[in-house]
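Summary of structural features
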Amino acid sequence: MNKTANYLSANFDVIKPDSVDEYVKQGGYNSLKKAISMTPEAVISEVKKAKLLGRGGAGYPAGSKWEHLLEVEEEPKYIVCNGDEGEPGTFKDKILLEKNPLGVIEGMTIAGYVFKAKAGYIYIRGEYRAIQKEIFEKALEDARAKGYLGKNICGTGFDYDIHIMTGAGAYVCGENSALLNSIEGKSGRPRIKPPHLAEVGLFLMPTLVNNVESFANIPLILELGGENYLNIGTNESGGTKLVCLSGHIKNKGVYEVPFGVTLREIIYDEEMGGGLADNRKLKFFHMGGQSGPIGVENQLDTPYCYRELRNNGLSVGSGAIVVADDSISIIDYLIQVTEFFIHESCGKCTPCREGNTRILEILKRFANKEASPEDMDNLNNLINLLTEASFCGLGRAATIALKSGLKLFKNEFEAGLKK
Amino acid sequence: MNQNNMNSEQVRKITEMYSQVLSIINKYGKSKEQLLAILLDIQEISGTSSVDLAWAEIVAKELDIPVSKVSEVLSFYAMFSTKERGKHVIEVCNSSPCRLNGSDDILNLFEKELNINVGETTEDKVFTLIKTSCIGACDISPAAKIGDKFYGNLNLEKIKQIIKEYRGDHCE
């Protein structure tokens, strides 16, 4: 098995990213044409066979999501692409928007055809405005000019267009319901669920929300066929994943890997991470974003796929792997993580808004070696409180890193107790 | 904006800004859903990296939405400021991938070079220095963002260069 893959990244730096002509020369838009010759059910069946798990972070099976929406009768339906990539250490959607925008656009167009949607929206985080203006908007315009968007697409009578929505700096908008509120021009606070977004979504209509990378995979699935796509990865995680290496790593960057390579290969292989910078010793790695778990040396041989990582207390999440060497204390690192969540909490619910602040106070006492045994109990209580009682995924996941850090580096916490 | 105490230059500036604000709103077809994009564009041309509440009122009126809603949006999203800032806002990434690569030191260097603390604006109103959550430039960490532009692998030399570049731009 190859350790790196070249599917989503096949067009990277090969074609002018916003040129439909060059995209078509590489086989682009064949998948849309194929989809149009198929029934919506047949397209979804391929997505299901491919076992595409949502690439935004939650890893929800895309095929089931699509199937659910198809069963909903109400119209119009909306297609939404979540490009609010905000998980620290994650920059793979940026690369896709910059280097393969037409793959994302084709994926969204296939979804539009499947659900007979008239409009799709892509929400691009405000931080990526340069890419939006200089590349993505041009790619959309060219797709319109060449008849792949707009009226009567490919002469089939299918009318569909994609609109760009801009974010303005709010991590919580990456949560799908908050994202829909933001597209409606409101503050991006999450909605209560149920109802599911497939029933009551954008403008209260049935809506499909998928991540940028998920949409970019759709043309590949149709091109290869669901089963062949699945076979690139493992038997439950189909296809490839864009992983983002950052922190104390030699070769920071985005790498496309087939599911099934090990973490050790991703971090240490010369064609990927190349090991730690300055050949320092690995202390831990933080997976899937700030809301993901922390892992250590003895977990390095875990295959990178949804099930194996989960069984080992880790997760794919957004695809981020932040690597840290032994120069940083776990408590200092967790202080950084907690500061992030304090900044990004939308303030809607008390557990998340207040809980993270209390956690920071306690962690600072550990850092100053002034913590009491009671602080340790309170830390565990706060972890449970946030996990159980927060309104949305942001709060519920905010203490995952802390929980794993406490377990893996118990000695460092004990050293923070007041003597 | 007290109209009684304005000189003709101020009146000219405000009139010009007013017509620019209107043209931004029209560019987005007065679409309520494009509120964020409209406000970002207004902030960009403000010269003070901020959205004055007077402009927010105009946006509210043109889009036919309550001012309170516009104001809420301005306070919710991190990229907006209703307080005047420098012409250029230097946003130093403060998330862990950058912090592992020394972004705290980078922030200190910016503070020293600009002679301000984080959150403050230089006396000549060219720069405001702030911290920001991950900007997705982890491959070139430690990184910072000014407007839509990214600057990575920062060190003292690069910081000096950036400041010089933008100060020069300001003098033109």
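Description of the structure in this document. Once a new chain begins, its residue numbering starts again from 1 and follows that chain's sequence as written. Lettering for chains starts from A, numbering for ligands starts from 1, and both go in the order in which the items are written. Totals for whole chains, interfaces and linings use every residue, but because this is a predicted model, local features are given only for residues with pLDDT of at least 70 and side-chain atom pairs only at 80 or more, for both listing and counting. Only hydrogens and water are set aside when side-chain values are computed; all heavy atoms of the structure are taken into account.

1. Let's talk about the sheet that holds strand 8 (residues 282-287) of chain A
All names here are of chain A. Cut-off, in case you're wondering: Only strands that DSSP links by at least two bridges are regarded as paired with each other. Strands are runs of DSSP state E lasting at least 2 residues, helices are runs of H or I lasting at least 4, and numbering of each runs from the N terminus. The criterion used for residue contact is that any of the two residues' heavy atoms lie within 4.5 Å. Comment: axis = line fitted to C-alpha atoms, over the contacting stretch for helices; angle = value between 0 and 180 degrees taken between N-to-C directions.
Spatially, five strands are ordered 7-6-10-8-9 in an open sheet, and the strand pairing comes out mixed. The sheet is open, and its two edges are formed by strand 7 (253-258) and strand 9 (294-295), each paired on a single side. Judged from the two bridges that link them, strand 8 and strand 9 form a sheet pairing that is antiparallel. Each bridged residue has a counterpart across the sheet, and for F285 the counterpart in strand 9 is G295. Packing against the sheet, helix 13 (residues 330-344) makes contact with strand 8, strand 9 and strand 10 (320-325), and its axis sits at approximately 20° to strand 8.

2. A closer look at helix 7 (residues 129-145) of chain A
Since the α-helix packs 3.6 residues into each turn, any two residues three or four apart lie on the same face. Heads up, the condition is: Each helix should span, by expectation, one fewer than its residue count multiplied by 1.5 Å. Bend, at a single residue, is the angle you get between axes fitted to the 7 residues ending at that residue and the 7 residues starting at it. Partly exposed describes any residue whose relative accessible area lies between the buried limit of under 20% and the exposed limit of over 50%, with all areas from a 1.4 Å probe on protein chains only and scaled to the type maximum.
Taking 1.5 Å per residue as the helical rise, helix 7 of chain A with its 17 residues ought to reach 24 Å, and the 22 Å between its terminal C-alpha atoms agrees with that figure. The largest bend in helix 7 of chain A amounts to roughly 30° and is located at F136 of chain A. Taken together, the buried positions of helix 7 of chain A are occupied by R129, A130, I131, Q132, I135, F136, A139, L140, D142 and A143 of chain A. Elements in contact with the buried residues of helix 7 of chain A: helix 1 (20-25), helix 5 (92-99), helix 6 (101-114), strand 2 (119-124) and strand 4 (158-166) of chain A together with helix 2 (35-45) of chain B. Trailing helix 7 of chain A by a residue or two, G147 of chain A shows a phi angle of about 85°, which is positive.

3. Things to note about the packing of helix 6 of chain A against helix 7 of chain A
All names here are of chain A. The following threshold applies: Note that the term roughly parallel is reserved for angles under 35 degrees, roughly antiparallel for angles over 145, roughly perpendicular for angles of 65 to 115, and oblique for everything else. Helix crossings get a hand from a simple test, with the near helix turned counterclockwise from the far one by less than a right angle marking a left-handed crossing and a clockwise turn marking a right-handed one. Gly is put with the polar residues, along with every residue not named as nonpolar or charged; the nonpolar set is Ala, Val, Leu, Ile, Met, Phe, Trp, Tyr, Cys and Pro, and the charged set is Asp, Glu, Lys and Arg.
Look at helix 6 against helix 7: their axes get within 9 Å of each other, and the N-to-C directions meet at 55°. When the axes of helix 6 and helix 7 are compared, the pair comes out oblique. Handedness of the helix 6/helix 7 crossing: right-handed. Contacts between helix 6 and helix 7 involve P101, L102 and I105 from the first element and I135, F136, A139, L140 and A143 from the second. Among the residues making up the contact of helix 6 with helix 7, the classes are represented as eight nonpolar, no polar and no charged.

4. Points about the environment of A139 of chain A
Residues and elements named next belong to chain A. With respect to the element layout, A139 can be found in helix 7. Sequence-wise, A139 and I105 are 34 residues apart; in three dimensions their C-alpha atoms are separated by 8.4 Å. In contact with A139, other than residues within four places in its own chain, are D18, P101, L102 and I105.

5. Digging into the pairing of strand 8 of chain A
All names here are of chain A. By the criterion of burial, strand 8 is predominantly enclosed, with six of the six residues buried. Across five bridges, the pairing between strand 8 and strand 10 is antiparallel. Pairing of M287 across the sheet is with I321, part of strand 10. Here strand 8 hands over to strand 9 after six residues, with G288 in that stretch at a positive phi of 80°.

6. Observations regarding the environment of H196 of chain A
All names here are of chain A. What counts, and what does not: Two N or O atoms form a polar contact when they lie within 3.5 Å of each other; inside protein one atom must be a possible hydrogen donor and the other a possible acceptor, and for residues adjacent in sequence the pair counts only when both atoms belong to side chains.
Secondary-structure assignment places H196 in the loop between helix 8 (176-183) and strand 5 (207-211). Relative accessible area serves as the criterion here: at 32%, H196 is assigned to the partly exposed category. Distance in space between the C-alpha atoms of H196 and F136 is 30 Å, their sequence separation being 60 residues. Of note is the side chain of H196, whose polar atom sits 3.0 Å from the backbone nitrogen of A198.

7. Comments concerning the sheet that holds strand 4 (residues 149-151) of chain B
In sheet architecture, strand pairing relies on hydrogen bonds along the backbone and comes in two forms, parallel and antiparallel. Residue and element names in this part refer to chain B. Pairing in this open sheet of four strands is mixed, and the strands run 2-1-3-4 from one edge to the other. Here the strands that pair on one side only, and so sit at the sheet edges, are strand 2 (127-132) and strand 4. Mean inter-strand twist for the sheet, computed between neighbouring axes without regard to direction, equals 25°. Sheet topology places strand 1 (residues 88-93) next to strand 2; six bridges connect them, and they run parallel. When the sheet's bridge partners are listed, V89 is paired in strand 2 with T128.

8. A closer look at the side chain of T399 of chain A
All names here are of chain A. Here T399 is to be found in the loop between helix 16 (393-397) and helix 17 (400-408). For T399, a relative accessible area of 2% puts it in the buried group. Not counting residues up to four positions away in its chain, the partners in contact with T399 are I359, I383, L386 and T387.

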